[in-house]
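Each chain, letter by letter, is given below.
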Amino acid sequence: MNPQAKLIFTISLLMGTIITISSNHWVTAWAGLEINTLAILPLISKSHHPRAIEAATKYFLTQAAASALVLFSSMTNAWYTGQWDITQLTHPTSCLVLTTAIAMKLGLVPFHFWFPEVLQGSSLTTGLLLSTIMKLPPIALLYMTSNTLNPTLLTSMAILSAALGGWMGLNQTQIRKILAFSSISHLGWMTIIIVYNPKLTLLNFYLYALMTTAVFLTLNSINALKLSTLMTTWTKTPALSAMLFLTLLSLAGLPPLTGFLPKWLIIQELTKQNMALAAVALSILSLLGLFFYLRLAYCATITLPPHTTNHMKLWHTSKPTSSSISILTTVSATLLPISPLISTMI
């Protein structure tokens, strides 16, 4: 892709995100979402591979439907209450339609079908954008309207997302699909707490984005798209593979790594809200995710060639690891000791 075109699309992506998260009026928030969608489409389809074109088409159709529902929800609310302010969404039908729209935008169960397919058809860098920055505007809208949304509906969708994200990721061999189901599972944790403590949702999202960025950049650096190619990375980049191992365990939420912090705080908050059953269900369902993270970590660090798996041999490269990857993987593994400081900030 032409560098100038890529720059324009990237700036449009950032501009659309900023417009949505900083707006008070529903129409400007909707416009930001549309700019976001139109900016990411060329980045998804830039390889001109049939799978990439298919992914871009699926993404466009689902996002267009979700944006139409956002507009319909805000217009219904304005019709009944005369309010276009995002925080004044009070009509029950509007709240229900908006929850559906945000679930479609994020890829929450039962509107999750598009996300693994789109991520599989994209490159790793585009997949990183889809998993992190493209989730920010819908989560910002969810944050601003959280006090009026239906907690029972959100809790049901969250537990289903955690269950399906863990269950569907078990038998995958494509790393991008595994990370897609991992994203769906993490969104379940974010959604269940949004009504009770919205700041915890944002903390969870920031730490999830940090760890996912580290994983995607590492995989992009070692050029691994399947488990079979991941098995050959230890002999070429042992230090990077070891840090990938820690980052994956952090994504799984194992103590004493960074990923344990949001899970710990969410379980604590749910228990305070007399939702111990939901907290237990989420904790048990996170074991499903732990299995496929351990599978990835096992392939990356413990399985050494020669072995019987068919794979294409990759060239040995002596290029140094990027400093951004080094910083992100280190932070992904070592933030837990400063959790008291983080707790006072939220």
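Keep in mind that this is a model prediction, so the values were computed, not measured. (Residues numbered from 1 in each chain as written. Predicted model: local features only at pLDDT ≥ 70, side-chain atom pairs only at ≥ 80, totals over all residues. Heavy atoms only, no water.)

Where helix α10 (residues 198–222) meets helix α13 (residues 260–272), the axes come as close as 9 Å, and the angle between the chain directions of the two elements is 160°. Taken as axis vectors, α10 and α13 run roughly antiparallel relative to one another. Crossing geometry of α10 relative to α13 is assigned as left-handed. Residues L200, L203, N204 and L207 of α10 form the contact with α13, whose participating residues are L261, P262, L265, I266 and E269. Split into classes, the residues belonging to the contact of α10 with α13 amount to seven nonpolar, one polar and one charged. (Axes fitted to C-alpha atoms, helices over the stretch in contact; angles between N-to-C directions. Helix = DSSP H or I, 4+ residues; strand = E, 2+ residues; numbered from the N terminus. Parallel < 35°, antiparallel > 145°, perpendicular 65-115°, else oblique. Left-handed = near helix turned anticlockwise from the far one by under 90°. Contact = heavy atoms within 4.5 Å. Nonpolar A, V, L, I, M, F, W, Y, C, P; charged D, E, K, R; others polar.)

Sequence positions flagged by UniProt for "transmembrane region" (unreviewed entry) are, in local numbering, residues 7–23, 57–76, 96–115, 152–171, 178–197, 203–225, 237–255 and 275–294. Helix makes up 85% of residues 152–171 and strand 0%, with an end-to-end C-alpha separation of 31 Å. Along residues 275–294 one finds 95% helix and 0% strand; the C-alpha atoms at either end are 29 Å apart. (UniProt positions renumbered as here; feature names shortened; annotations may be inferred.)

Tracing the sequence through the fold places G169 in the loop between α8 (151–168) and α9 (175–193). A C-alpha to C-alpha distance of 9.4 Å links G169 and Y293, two positions 124 residues apart in sequence. Beyond its immediate stretch of four places on either side in the chain, G169 contacts I178, F181, F292 and R295.

Time to look at the pattern of salt bridges. This structure, assessed with the given rule, holds three salt bridges. Here K58 makes a salt bridge to E54, at a shortest N to O gap of 2.7 Å. In this pair, K58 and E54 both sit in helix α3 (residues 50–81), four residues apart, roughly one turn of the helix. E54 gets classed as partly exposed once you look at its relative accessible area, which sits at 40%. Linked through salt bridges whose partners overlap, the residues forming this network are E54, K58, E117 and K177. (Salt bridge = Lys/Arg side-chain N within 4 Å of Asp/Glu carboxyl O. Buried < 20%, exposed > 50% of the residue type's maximum accessible area, 1.4 Å probe, protein only.)

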